[in-house]
Amino acid sequence: MTPQKSPVSIRRARTSDVPRIQELVEPLVQRRILLGKDAVVFYEAVQEFRVAEDPNGELVGCGALHVFWEDLGEVRTLAVHDDWLGQGIGRALVQRIEADALELGLSRLFCLTFEVPFFERNGYTASPLSLVDPEVYAELVRSPDEGVAEFLDLARVKPNTLGNTRMLKHLR
């Protein structure tokens with residue numbers, strides 16, 4: 001059992017956090033757990049991110065909420081530094097993302113993950129591909145976003161997504 005570390009705080013990400021977010025995500029990209037992203041993509045999406053900060057101001061975790069449609073969003077780029085695993089940081093980030101989703105009017109959140117037990121403990125269940133109506137699918141397929149391509153199960157992202165699980169949580 002890992003000794004309990006000092007509590008962290010969850011806050012909105014700032015542009016100055018982007019290099020550290022990239023550092024948190026890179027080991028998961030190398031293990032093919034997360035899709036790699038260029039710095040510009042992180043800067044463009046910084047408003048979607050929440051970060052976990054230790055008492056010394058070091059970022060030890062991150063996660064993002066990406067809105068897909070009027071009622072549907074995605075928990076994206078959830079990462080916790082290896083030294084902080086098992087300390088409740090992932091759970092705290094997911095809870096904050098869910099609160100943000102409700103504030104935006106979303107009623108469902110999904111994730112594409114290899115961390116099935118973690119998301120099951122947080123109320124997510126495995127879900128079929130058909131999370132959206134065909135008309136919405138036709139709109140989403142126009143998006144250049146790689147995460148949307150992953151959600152739609154498009155062939156160009158297959159090498160990263162083989163073996164992951166689509167999970168869904170109804171927020172209300």
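For the structure itself, look to the data block above.
Keep in mind it's a predicted model, so treat the numbers as computed, not measured.

## A look at the overall build of the protein chain
When its secondary structure is counted, the protein chain shows seven helices and seven strands. Counting from the amino terminus, helix and strand elements in the protein chain follow one another as β-α-α-β-β-β-α-β-α-β-α-α-α-β. By residue count, 47% of the 172 residues in the protein chain fall in the buried class.

## Some points on helix 1 (residues 18-30)
The first and last C-alpha atoms of helix 1 sit 18 Å apart over 13 residues, in line with the 18 Å expected at 1.5 Å per residue. Considering bend angle alone, the principal kink of helix 1 is centred on Leu-24 and spans about 30 degrees; proline Pro-27 follows within four residues of it. The complete set of buried residues in helix 1 reads Val-18, Ile-21, Leu-24, Val-25, Leu-28 and Val-29. Note on helix 1: the residue one or two positions beyond its end, Arg-32, has a positive phi of about 60 degrees.

## A word on the pattern of salt bridges
Counted under the stated rule, the structure contains nine salt bridges. A salt bridge links Glu-53 to Arg-11; the nearest nitrogen and oxygen atoms lie 3.1 Å apart. Of this pair, Glu-53 sits in strand 2 (residues 49-53) while Arg-11 sits in strand 1 (residues 9-12); the two residues are 42 residues apart in sequence, bridging distant segments of the chain. The exposure classification of Glu-53 matches that of Arg-11, with both residues buried. Notably, a salt bridge pairs Glu-74 with Arg-76, separated by 2.9 Å at the nearest N-O pair.

## Points about the sheet that holds strand 5 (residues 108-113)
Across the sheet, which stays open at both edges, the seven strands sit in the order 1-2-3-4-5-7-6 with mixed pairing between neighbours. A single partner strand is all that each edge strand has here, and the edge strands are strand 1 and strand 6 (125-126). Taken together, the five bridges between strand 2 and strand 3 (residues 59-67) define a ladder with antiparallel strand orientation. Each residue of the ladder has a partner; that of Glu-53, found in strand 3, is Leu-59. Relative to the sheet, helix 1 contacts strand 2, strand 3 and strand 4 (72-80), its axis offset from that of strand 3 by approximately 85 degrees. Along the sheet face, helix 3 (residues 89-104) touches strand 1, strand 2, strand 3, strand 4, strand 5 and strand 7 (165-170) and points at about 30 degrees away from the line of strand 3.

## What to know about the packing of aromatic side chains
Counted by the stated rule, this structure contains four aromatic pairs. Centre to centre, the rings of Phe-68 and Phe-110 are 5.1 Å apart; their planes meet at 70 degrees, and the pair counts as edge-to-face. Pair noted here: Phe-68 is in the loop between strand 3 and strand 4 and Phe-110 is in strand 5, with a separation of 42 residues, a long-range link. Seen in terms of ring centroids, Phe-119 and Tyr-124 are 5.3 Å apart; in terms of plane orientation they differ by 85 degrees. Their pairing is edge-to-face. Tyr-124 carries the same exposure label as Phe-119, and that label is buried. An aromatic cluster is defined as three or more aromatic residues linked by ring pairs; in this entry it consists of Phe-118, Phe-119 and Tyr-124.

## A few points about the pairing of strand 5
In terms of residue burial, strand 5 counts as a mostly covered element, since six of its six residues are buried. Two elements, strand 4 and strand 5, share three bridges in a ladder whose sense is parallel. Bridge pairing links Leu-72 to Arg-108 in strand 5. As defined by bridge partners, strand 5 adjoins strand 7 across six bridges and the pair is classed as antiparallel. By the bridge assignment, Leu-112 is partnered in strand 7 with Arg-166.

So, how was this worked out
Residues numbered from 1 in each chain as written. Predicted model: local features only at pLDDT ≥ 70, side-chain atom pairs only at ≥ 80, totals over all residues. Heavy atoms only, no water. Helix = DSSP H or I, 4+ residues; strand = E, 2+ residues; numbered from the N terminus. Buried < 20%, exposed > 50% of the residue type's maximum accessible area, 1.4 Å probe, protein only. Expected span 1.5 Å × (residues − 1). Bend = angle between axes of the 7 residues up to and from the residue. Salt bridge = Lys/Arg side-chain N within 4 Å of Asp/Glu carboxyl O. Pairing = 2+ DSSP bridges. Contact = heavy atoms within 4.5 Å. Axes fitted to C-alpha atoms, helices over the stretch in contact; angles between N-to-C directions. Phe/Tyr/Trp six-rings, centres within 6.5 Å; stacked < 30°, edge-to-face > 60°.

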